[in-house]
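Residue-level structural notes
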Amino acid sequence: MARAVTNQRKLVFTLVAWTIGIAIFFPILWTFLTSFKTEAEGDCIAPLIPVL
Amino acid sequence: MATAHSKTAARFMISPAVVLLLAWMIVPLAMTIYFSFLRYSLLSPGEETFTGWDNYTYFLTDPAFVAAFTNTIILVVGVLLITVILGIALAILLDQPMWGQGIVRILVIAPFFVMPTVSALVWKNMFMDPVNGLFAHAAKALGLQPFEFLSHAPLASIILIVSWQWLPFATLILLTAMQSLDQEQLEASEMDGASKWSRFYYIVLPHLSRAITVVILIQTIFLLSVFAEILVTTNGGPGTASTNITYLVYAQSLLQFDVGGGSAGGIIAVILANIVAIFLMRMIGKNLEA
C-alpha cells in the first residue's frame, strides 16, 4: 500500500521541483519572449514581457 | 517450423537491405581511409599523390592534436559528471508526489528538443554575451564587471551548454528507472531504521546502476562528436582552448583545405572512439548483463 504523503511535504517538493523546472526551461522561455521584441528591445534587459 | 529452404529464402529476401546498409557504412569509411593516404589539397584538385603514413604522422604530431584530445576528454567527462549527478537528483525529485508533476517533467525535458545550433546561439547571444547577454545585465545590476564566458572560460561554457542539452536525456532515462523501483523495499528499509543516505546508497543507487550505464554509454557516443556548439560559439578558440577532435578534423579538412590530413584525423578519431567504447564496455558494461 502506498504511503500517505502530508500536504506540507508535497508542497515542499512542488516548490523545489517547479523552481528547478522553470530554471531549466528559462532559456527557452527567454528566447520565446525575445522573439516578440524589436532589435533595440532585445538588446536591453527590460521589459521582460514584450510590449505589444 | 522453419525449413532450410525457407531460411535460405529469408536470407535472400533480407539481402538487399543488408547490402545497402553495408554499402552505406563501408563506402564512406573506405573512401576516408583511401583519402587519408593521399596528399589531397582542395587548393590543387586533380594533383593527388600517394604519401603513405605522412598524414597520420602530421596529424598525431600536430600540437593542436594533444590540446584537442585533452579537450575532448574534459568535455565528455565534464558533461557526463554534470548530467549523471544532476540527472539522479532530478529523477528522484520528479518521482516524488507534487502538484503539476506532468508540467514540471515537460519543463525539465524541453531542452532536449532544442537543436544544438539553436541552443548554442541562444546561450552565446542571449546569455553569455558580455554586452547584451542576460548574465552581463545581471552582473551590472549587482555592480560587478561582466564576465566574458566564451573568451575566459570557453571550454567550461561549452560544457555548460552541452550539459543543459543532455540533462533531460539523463533525467528521463533515470526517472523511468526510478519509477520501476519497488516502494515496499524503501518502506521496509525505513521501518528497519535505515537513514535516508543508506536508502539512497544501498537501494536506489544499485537499482539505477543499469540506467546510469545506459546514460553513460549513449551520451559518450554523442559527446565525442560535439561540433555545432563549438562552431557556433568559439570556433575552437581562443587558440585551441575549446577545440575537440571533431572540430580539429573539420578545421584540417575545410579550413586548411587538407582533405588527406582531415581524413587521417577522422580515422584516428574512429580508432580513439573505439578504444573509449572498449574501455567503457569493460568497466561499466557488465552492469548490462542480465
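Residues numbered from 1 in each chain as written. Chains lettered and ligands numbered in written order. Predicted model: local features only at pLDDT ≥ 70, side-chain atom pairs only at ≥ 80, totals over all residues. Heavy atoms only, no water.

This part takes up the overall build of chain B. Across its full length, chain B holds 13 helices and 2 strands. When its C-alpha atoms are laid out on the principal axes, chain B stretches across 80 × 75 × 30 Å. Out of the 290 residues in chain B, the part that is buried amounts to 42%. Within chain B, contacts between residues separated by at least 24 positions form 69% of all contacts whose residues are at least 6 apart in sequence. Carbon and sulfur atoms provide 72% of the accessible area of chain B, an area that totals close to 16000 Å². For chain B, the centre of its 11 positive side-chain charges and the centre of its 15 negative side-chain charges are spaced 6 Å apart. (Helix = DSSP H or I, 4+ residues; strand = E, 2+ residues; numbered from the N terminus. Buried < 20%, exposed > 50% of the residue type's maximum accessible area, 1.4 Å probe, protein only. Contact = heavy atoms within 4.5 Å. Areas by Shrake-Rupley, 256 points an atom, 1.4 Å probe, with all protein chains shown as cover. Lys, Arg positive; Asp, Glu negative; His and termini not counted. Charge placed at Lys NZ, Arg CZ, Asp CG, Glu CD.)

Once that is clear, we can look at the interface of chain B and chain A. At the junction of the two partners, chain B supplies 26 residues and chain A supplies 27 residues. Surface buried jointly by chain B and chain A totals about 2400 Å² across both partners, of which 75% is contributed by carbon and sulfur atoms. The tally of links between chain B and chain A comes to 0 salt bridges. The tally of links between chain B and chain A comes to 3 residue pairs in polar contact (both at pLDDT 80 or more). For the side of chain B that touches chain A, the secondary structure elements donating two or more residues are α3 (63-94), α4 (101-109), α5 (116-127), α6 (134-141), α8 (154-179) and α9 (183-191) of chain B. Its residues assigned to classes, the side of chain B that touches chain A comprises 19 nonpolar, 4 polar and 3 charged. (Buried area = accessible area lost by both parts, 1.4 Å probe. Salt bridge = Lys/Arg side-chain N within 4 Å of Asp/Glu carboxyl O. Polar contact = N/O pair within 3.5 Å; in protein donor to acceptor, adjacent residues only side chain to side chain. Nonpolar A, V, L, I, M, F, W, Y, C, P; charged D, E, K, R; others polar.)

Moving on, we come to the packing of aromatic side chains. When we look at a pair of aromatic rings, we describe it by the centre distance and by the angle of the planes. Residues and elements named next belong to chain B. In the structure shown here, the tally under the stated rule is 28 aromatic pairs over all chains. With a centroid separation of 5.7 Å and an interplanar angle of 40°, the aromatic rings of W197 and F200 are classed as tilted. In this pair, W197 and F200 are both assigned in helix α10 (residues 196-223), 3 residues apart and thus about one turn of the helix distant. When its relative accessible area of 57% is taken as the criterion, W197 is described as exposed. With 5.0 Å between their ring centres and 70° between their planes, F227 and Y250 make a pair best called edge-to-face. Placement of the pair is F227 in the loop between α10 and α11 (228-233) and Y250 in helix α12 (residues 245-255), with a sequence separation of 23 residues. Taking relative accessible area as the criterion, Y250 reaches 22% and is therefore assigned partly exposed. (Phe/Tyr/Trp six-rings, centres within 6.5 Å; stacked < 30°, edge-to-face > 60°.)

Functional significance is not addressed by these values, which are geometric in nature.
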